[in-house]
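# Structural features, examined
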Amino acid sequence: MYAAFRSIGAYVPEKILTNAELSKMVDTTDEWITKRTGIKERRIAAANETTSDMAVQAAEKAIERSGISKEDIDMIVVATISPDYFNMPSTATVVAHKMGLDKVTAFDISAACTGFIYVLSIAKAFIESGMKKNVLIIGAEKMSAITDYTDRGTCILFGDGAGAAMICATDNKEEAITDIHTAADGSLGDFLMTPDGGTGNPHQAELKAEASFIQMKGNETFKIAVRTLTNDVVEILAENNTKASQIKHFIPHQANYRIIKAVGDALKLEKEQVVLTVHKYGNTSGASIPMAMNDLYEEGNLKTGELMLLDAFGGGLTWGSALLPFAGK
Ligand code: ACO
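Residues numbered from 1 in each chain as written. Predicted model: local features only at pLDDT ≥ 70, side-chain atom pairs only at ≥ 80, totals over all residues. Heavy atoms only, no water.

## Notes on the sheet that holds strand E11 (residues 249-252)
Sheet strands associate in pairs through backbone hydrogen bonding, adopting either a parallel or an antiparallel arrangement. We count it as follows: Strand pairing is assigned whenever DSSP detects at least two bridges linking the two strands. In this description a helix means any DSSP run of H or I spanning at least four residues, a strand means any run of E spanning at least two, and both kinds are numbered starting from the N terminus. Interaxial angles span 0 to 180 degrees and are taken between N-to-C directions of axes, which are lines fitted to C-alpha atoms, for helices over the stretch in contact. What makes two residues a contact is simply this: any of their non-hydrogen atoms within 4.5 Å.
What the 4 strands build is an open sheet, ordered E8-E13-E12-E11; its pairing is mixed. Strand pairing shows two members of the sheet lacking a second neighbour, strand E8 (179-184) and E11, which therefore form its edges. Ignoring which end each strand starts from, the neighbouring axes of this sheet average 10° apart. By the bridge criterion, 8 bridges tie strand E12 (residues 307-314) to strand E13 (residues 318-325) in an arrangement that is antiparallel. Residue aspartate 311 lies in a different strand from E13, and its bridge partner there is serine 321. Along the sheet, helix H5 (residues 115-128) makes contact with E8, E12 and E13, crossing E8 at roughly 125°.

This is the structure:
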């Protein structure tokens, strides 16, 4: 049995936060943010809107487009670092309940911006082993809830949103997800952290709100991201005897235009091959790849059989890439 990427869906919150608005909140400018990141604006979820609310909206679209009936879903995996509840219940179980699916396997994974590649690999492995047939994978983030809006080094980057996909069993090899790489280097865990609120911090009793916000060594992360991602995509293409020119859509994690451009240039990709949404959504962590893919799909530019290359890098540090044909309609 193979695993096919059957459908895509996404949800984007209504409220827009522009660079001009941010420059009234912290010492920054539209010019700086645009030049250093490519971001012009990002979406912010409503105060009462949870990560699971956004995940459900994205999931409903993906399910409808897959042609699979809800009752046939046998597993839900959510990638998030901004869950509804930090310990339990998992966001996946909240999503399952909101969708009326109370007997599925449901769990979250934490791999920051690489989350969507990780959940994709989990779906592939469960399907290929024969344990599951129809897996709903979701990347959903309310990054605004864990962002410090007094820190100009991070608050300009992040946005909210959700993306979802149905990964389904198939016996048609042509539709199969070709390959997925996932990796981590925990020695660099302090490059991206929300330090407080867990057992790793001895000052938990004096929990301060700002310690639950993202802290990032931006420049160090940037350099490692470019080097690691470039090596990883070169490797996954070589291992699968695929030329960069055969990639129809390179859909990278949308963290920073300069990272995307550096990796795209290393592969000598044409502009038309590279999918960009960072200017309008910012960095939505685990949600960014499916949100970008959904835009491509809704614009009518993602067709059955087209080869996609995904890559992502994030907190952990974690990274990964995936090579796969779109197996939806
Ligand atoms: N406005 C104006 N100036 C700023 C801002 C800002 N918003 N932020 C930083 N600066 C200043 C700094 O203080 C510094 O000033 P100095 O030279 O006087 O010290 C100068 O700009 C340069 O700062 P750098 O941090 O070196 O800027 P850089 O070019 O690296 O850009 C950025 C910063 C955009 C954060 C970049 O490093 C980046 O994108 N990093 C990677 C982020 C990433 O990919 N993370 C992984 C995914 S996220 C996740 O997993 C949750």
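## Comments concerning the packing of helix H7 (residues 218-239) against helix H8 (residues 257-266)
Basically, it comes down to this: Roughly parallel means an angle under 35 degrees; roughly antiparallel, over 145; roughly perpendicular, 65 to 115; everything else is oblique. Helix crossings fall into two classes, left-handed where the near helix is turned counterclockwise from the far one by less than a right angle and right-handed where it is turned clockwise.
In contact at an axis separation of 9 Å, H7 and H8 are set at 30° when each is read in the N-to-C sense. For the element pair H7 / H8, the angle class is roughly parallel. The element H7 and its partner H8 pack so that their crossing is right-handed. Residues Phe222, Ala225, Val226, Leu229, Thr230 and Val233 of H7 lie in contact with H8, whose contacting residues are Arg258, Ile259, Ala262, Val263 and Ala266.

## Some remarks on the site of the ligand
Rules: Nearness is judged by heavy atoms alone; a residue qualifies as near a molecule or strand once a single heavy atom is within 4 Å of it. Any pair of N or O atoms that falls within 3.5 Å is considered a polar contact. Within protein, one atom must be able to donate a hydrogen and the other to accept it, and sequence-neighbouring residues count only if both atoms are side-chain atoms. Using a 1.4 Å probe, the Shrake-Rupley method yields the accessible areas, and only the shown protein chains count as cover for residues. Residue polarity is assigned by list, with Asp, Glu, Lys and Arg as charged and Ala, Val, Leu, Ile, Met, Phe, Trp, Tyr, Cys and Pro as nonpolar; anything else, Gly included, falls into the polar class.
Not every one of the 27 residues close to the ligand is listed here, only the nearest: Thr28, Arg36, Cys113, Asn219 and Asn256. Arginine 36 places a polar side-chain atom, nitrogen or oxygen, 2.8 Å from an oxygen atom of the ligand. Cysteine 113 places a main-chain nitrogen or oxygen 3.5 Å from an oxygen atom of the ligand. In isolation the ligand offers 1000 Å² of accessible surface; the protein chains occlude 74% of this area. Among the secondary structure elements, those contributing two or more residues to the shell around the ligand are helix H2 (30-37), helix H6 (152-155), H7, H8 and E12. Counting residues per element, the shell around the ligand draws most heavily on H7, at 4 residues. Looking at the shell around the ligand, its residues break down into 13 nonpolar, 10 polar and 4 charged.

## Focus: unusual backbone geometry
For clarity, the cut-off: Working definition: with a 1.4 Å probe on protein chains only, accessible area under 20% of the residue-type maximum means buried, over 50% means exposed, and in between means partly exposed.
The step from methionine 88 to proline 89 runs through a cis peptide bond, and the omega angle for that step is -5°. Looking at where proline 89 falls in the secondary structure, it is placed in the loop between strand E4 (75-79) and helix H4 (91-98). Note the cis peptide between glycine 316 and leucine 317, where omega equals -15°. Here leucine 317 is to be found in the loop between E12 and E13. Although it is not a glycine, alanine 112 adopts a positive phi angle of roughly 50°. Note on placement: alanine 112 falls in the loop between strand E5 (105-109) and H5. A positive phi is found at asparagine 241, a non-glycine position, where the angle reads about 45°. Judged by its relative accessible area of 71%, asparagine 241 falls in the exposed class.

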